[in-house]
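# Working through the structure, step by step
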2 protein chains.
Amino acid sequence: VRGLLDFSIYLDLSDEVKIAWKIQRDMAERGHTLADVKQAIASRRPDFEAYIDPQKAHADVVIQILPTNLITNDTERKVLRVRLIQRSDVKGLEPAYLFDQGSTISWIPCGTKLTCSYPGIKLFSGPDSWCGQPASVLEIDGQFDRLEEIAYIENHLSSINTKFYGELTQLLLKNPDYPGSNSGTGLLQIIVGLKMRATFEQSMTIE
Amino acid sequence: VRGLLDFSIYLDLSDEVKIAWKIQRDMAERGHTLADVKQAIASRRPDFEAYIDPQKAHADVVIQILPTNLITNDTERKVLRVRLIQRSDVKGLEPAYLFDQGSTISWIPCGTKLTCSYPGIKLFSGPDSWCGQPASVLEIDGQFDRLEEIAYIENHLSSINTKFYGELTQLLLKNPDYPGSNSGTGLLQIIVGLKMRATFEQSMTIE
């Protein structure tokens, strides 16, 4: 089946975040106990490890959801560090990056250009590897306060497959109430969407 | 006397580097013992602390020479981390920065654009403070192999008071044999020179 896919995405949720989310949904919303939640995750682990997890080595891009590095010993898991891992050897997929292609950059945006309340925001971009293959990473840790200010971030991003300057910011502003719109989860999902569109349009041109 | 200065520079040599340099010069070149070297530094310390060190709070820019962070437990002190500290409240002095003004950026340049042998190079730029006053820092840790490739670094530097694109690289290439020309010591000294020139030319215009 894998050969039929033009573009594949794997969502890689870290255990810390998975458990925090399940506790939030199953305990707060469905009335389960903490023991129920941990039991439910444990019972699915063998199937997960046999059938789901191995898929991540074959994905063109991976979105990883990790605990933040901005808060020491964070247990709330409300602030997330989201990584977009882009395989380097996928034809037609140009990895998105910050400032300068091939460089390893960590960036705390200027506080007067991007309003951020505690714990702020930190971005990262650079070469890395994924399951033994070369990859490019774009990471966003933390969150921002005003969606319209994301034009400032967009201005320093390249290879995001927008059709006009500011399209990323416009897409984000279309659905300001979506969960994650003010953090890496929303922003990196939109970038993946733009890359899917580019792959789709490329495949249409070839046919 | 301080009021007569249009532009003031303080060279802030860390003790680790000072001792390593003195050992190199006084032991290897002048035949002194390690005890002599340590004694010479110790005997000057009271005067240094009374008259020299307090000047650093009044300098417009400070060049700090520190041990590298690129080698764990480095004792050779051949690789240096050089910081240019630029006071924010000095009229007419626009601080040099990397990529985006006001941002805090750490940058490992792309290895295909800048050739660096071990331990490589890492740059930093961002707001900071100096003796209780706001300041901007530009830091270069490590060294590069080919002077002509510095055009790539220059391309991502702003507010360096050059008169034409590439002037920084040209100035560096004029004296390739100067000690420190392939590291932050030479590069940041040239930037300070360009800022001195700008201050001089401004003061000429005003008179």
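To continue, consider the overall build of chain A. Counting its secondary structure elements, chain A contains five helices and eight strands. Along chain A, helices and strands appear, N-terminal first, in the series β-α-α-β-β-β-β-β-β-α-β-α-α. The C-alpha radius of gyration of chain A comes to 18 Å, within 12% of the 17 Å expected for a compact globule of 207 residues. Among the 207 residues that make up chain A, the fraction classed as buried is 47%. Nonlocal contacts in chain A, meaning residues at least 24 apart in sequence, comprise 63% of its contacts between residues at least 6 apart. On chain A, roughly 11,300 Å² of surface is accessible, and the fraction owed to carbon and sulfur atoms is 53%. Taking the average location of the 22 positive side-chain charges in chain A and that of its 27 negative ones, the two points are 2 Å from each other.

What follows covers the interface of chain A and chain B. The extent of an interface is frequently quoted as the accessible surface area lost upon association of the parts. If you look at the interface, chain A gives 15 residues, while chain B gives 15 residues. For the chain A and chain B pair, buried surface summed over both sides reaches about 1,100 Å², with 46% attributable to carbon and sulfur atoms. Among the salt bridges present, the one from Lys113(A) reaches Asp100(B), with a minimum N-O distance of 2.7 Å. At the junction of chain A with chain B, the criterion picks out 17 residue pairs in polar contact (both at pLDDT 80 or more).

Let's shift gears to the packing of helix 4 (residues 167–174) of chain B against helix 5 (residues 184–206) of chain B. Packed helix pairs are specified by the crossing angle of their axes together with the interaxial distance, meaning the distance between the axes. Residues and elements named next belong to chain B. One way to put it is that helix 4 packs onto helix 5 with a least axis distance of 10 Å and a crossing angle of 120°. Looking at the two axes, helix 4 sits oblique to helix 5. As for the relative orientation of helix 4 and helix 5, their crossing is right-handed in sense. Across the interface between the two elements, Glu167, Leu168, Leu171 and Leu172 from helix 4 touch Gly186, Leu187, Ile190, Ile191, Leu194 and Arg197 from helix 5. Grouping the constituent residues of the contact of helix 4 with helix 5 by class yields seven nonpolar, one polar and two charged.

Moving on: the relation of the copies chain A and chain B. Rotating chain A by 180° about the axis while translating it 0.0 Å along that axis superimposes it on chain B, leaving an RMSD of 0.0 Å. The two molecules are tied by a two-fold rotation axis, judged by turn and shift. When C-alpha positions in chain A are compared against the rotation axis, the closest is assigned to Ser106(A), at 2.6 Å. By residue overlap, the copies meet face to face through one surface: 100% of the interface positions of chain A are interface positions in chain B.

Quick look at the pattern of salt bridges now. Opposite charge on two side chains allows them to pair when their charged atoms are near. Residue and element names in this part refer to chain A. All told, the structure shown has 30 salt bridges over all chains when counted by the stated rule. As a salt-bridge pair, Arg45 and Asp15 come within 3.4 Å of each other at their nearest N and O atoms. Remark: Asp15 occurs in helix 1 (residues 15–29) and Arg45 occurs in helix 2 (residues 34–52); sequence separation between them is 30 residues. Residue Asp15 is classed as partly exposed on the basis of its relative accessible area, which comes to 35%. Between Glu167 and Arg197 there is a salt bridge, with the nearest N and O atoms lying 2.8 Å from each other. With Glu167 in helix 4 (residues 167–174) and Arg197 in helix 5 (residues 184–206), the pair connects residues that are 30 residues apart, well separated along the chain. Three or more residues joined by partner-sharing salt bridges are found here, namely Asp15, Lys18, Arg45 and Glu49.

Formed by 72 residues in total, the largest nonpolar core has its most connected members in Trp107(A), Ile191(A), Trp107(B) and Ile191(B). Ignoring any residue separated from it by four or fewer positions in sequence, one finds Trp107(B) in contact with Asp100(A), Ser103(A), Thr104(A), Ile105(A), Leu98(B), Phe99(B), Lys122(B), Leu123(B), Tyr152(B), Ile153(B) and His156(B).

Let us look at the pairing of strand 2 (residues 61–67) of chain B. Residues and elements named next belong to chain B. Among the seven residues in strand 2, seven count as buried, and that is most of the element. Inspection of the sheet shows strand 1 (residues 9–13) paired to strand 2 by five bridges, in the parallel sense. Counted as the bridge partner of Ile9 is Val61 from strand 2. Both strand 2 and strand 3 (residues 80–87) contribute to a ladder of seven bridges, which runs antiparallel. Across the sheet, Pro67 pairs through a bridge with Leu80, a residue of strand 3.

Burial of strand 5 (residues 104–108) of chain A is extensive: four of the five residues sit out of reach of the surface. In the sheet, strand 5 of chain A pairs with strand 5 (residues 104–108) of chain B via five bridges, with the strands oriented antiparallel. Residue pairing for strand 5 of chain B: Ile105(A) is matched across the bridge by Trp107(B). Pairing of strand 5 of chain A with strand 6 (residues 121–130) of chain A involves three bridges; the strand directions are antiparallel.

Read across the sheet, 12 strands follow the order 1(A)-2(A)-3(A)-7(A)-6(A)-5(A)-5(B)-6(B)-7(B)-3(B)-2(B)-1(B) without closing on themselves; strand pairing throughout is mixed. A strand with exactly one partner marks an edge of an open sheet, and here the two such strands are strand 1 (9–13) of chain A together with strand 1 of chain B. Between one strand and the next, the sheet's axes are offset by a mean angle of 15°, whatever the strand orientation. Against the sheet, helix 5 of chain A makes contact with strand 1, strand 2 (61–67), strand 3 (80–87) and strand 7 (133–142) of chain A, and its axis sits at roughly 20° relative to strand 3 of chain A, the strand it touches most. The strands touched by helix 5 of chain B within the sheet are strand 1, strand 2, strand 3 and strand 7 (133–142) of chain B, with strand 3 of chain B carrying the most contacts at an inclination of about 20°.

Cut-offs and rules
- Along each chain, residues carry numbers from 1 onward, in the same order as the chain's sequence is written.
- Written order determines the labels here, with chains lettered from A and ligands numbered from 1.
- Totals for whole chains, interfaces and linings use every residue, but because this is a predicted model, local features are given only for residues with pLDDT of at least 70 and side-chain atom pairs only at 80 or more, for both listing and counting.
- As a rule here, side-chain values come from all non-hydrogen atoms in the structure, and water together with hydrogens is ignored.
- Counting from the N terminus, the helices are the DSSP runs of H or I reaching at least four residues and the strands are the DSSP runs of E reaching at least two.
- Radius of gyration here is computed from C-alpha atoms only, and the compact-globule reference equals 2.2 Å multiplied by the residue count raised to the power 0.38.
- Using a 1.4 Å probe on the protein chains alone, a residue whose accessible area is under 20% of its type maximum counts as buried, one over 50% counts as exposed, and one in between counts as partly exposed.
- What makes two residues a contact is simply this: any of their non-hydrogen atoms within 4.5 Å.
- Surface exposure here means Shrake-Rupley accessible area, sampled with a 1.4 Å probe, where a residue is shielded only by the protein chains that are shown.
- As used throughout, the charge tally considers Lys and Arg to be positive and Asp and Glu to be negative, leaving His and the chain termini uncounted.
- A charge is said to be at NZ when it belongs to Lys, at CZ for Arg, at CG for Asp and at CD for Glu.
- Throughout, the accessible surface (probe 1.4 Å) given up by two parts as they are put together, summed over both, is called the buried area.
- A carboxyl oxygen of Asp or Glu within 4 Å of a side-chain nitrogen of Lys or Arg is what we treat as a salt bridge.
- Throughout this description, a polar contact denotes any pair of N or O atoms lying within 3.5 Å of each other; where both atoms belong to protein, one of them has to be capable of donating a hydrogen while the other can accept it, and for residues adjacent in sequence the pair is counted only when both atoms sit in side chains.
- Lines fitted to the C-alpha atoms define the axes, with helices restricted to the stretch that makes contact. Angles between their N-to-C directions range from 0 to 180 degrees.
- By definition in this entry, angles of less than 35 degrees are roughly parallel, angles greater than 145 are roughly antiparallel, angles of 65 to 115 are roughly perpendicular, and the rest are oblique.
- Left-handed describes a crossing whose near helix is turned anticlockwise from the far helix by less than a right angle; the clockwise case is right-handed.
- Note on residue classes: Ala, Val, Leu, Ile, Met, Phe, Trp, Tyr, Cys and Pro are nonpolar, Asp, Glu, Lys and Arg are charged, and everything else, Gly too, is polar.
- Only residues with pLDDT of at least 70 in both copies contribute their C-alpha atoms to the least-squares superposition of the copies.
- Only buried Ala, Val, Leu, Ile, Met, Phe, Trp, Tyr and Cys residues count toward a nonpolar core, and they belong to the same one when joined by side-chain atoms within 4.5 Å.
- What makes two strands pair is DSSP finding at least two bridges between them.

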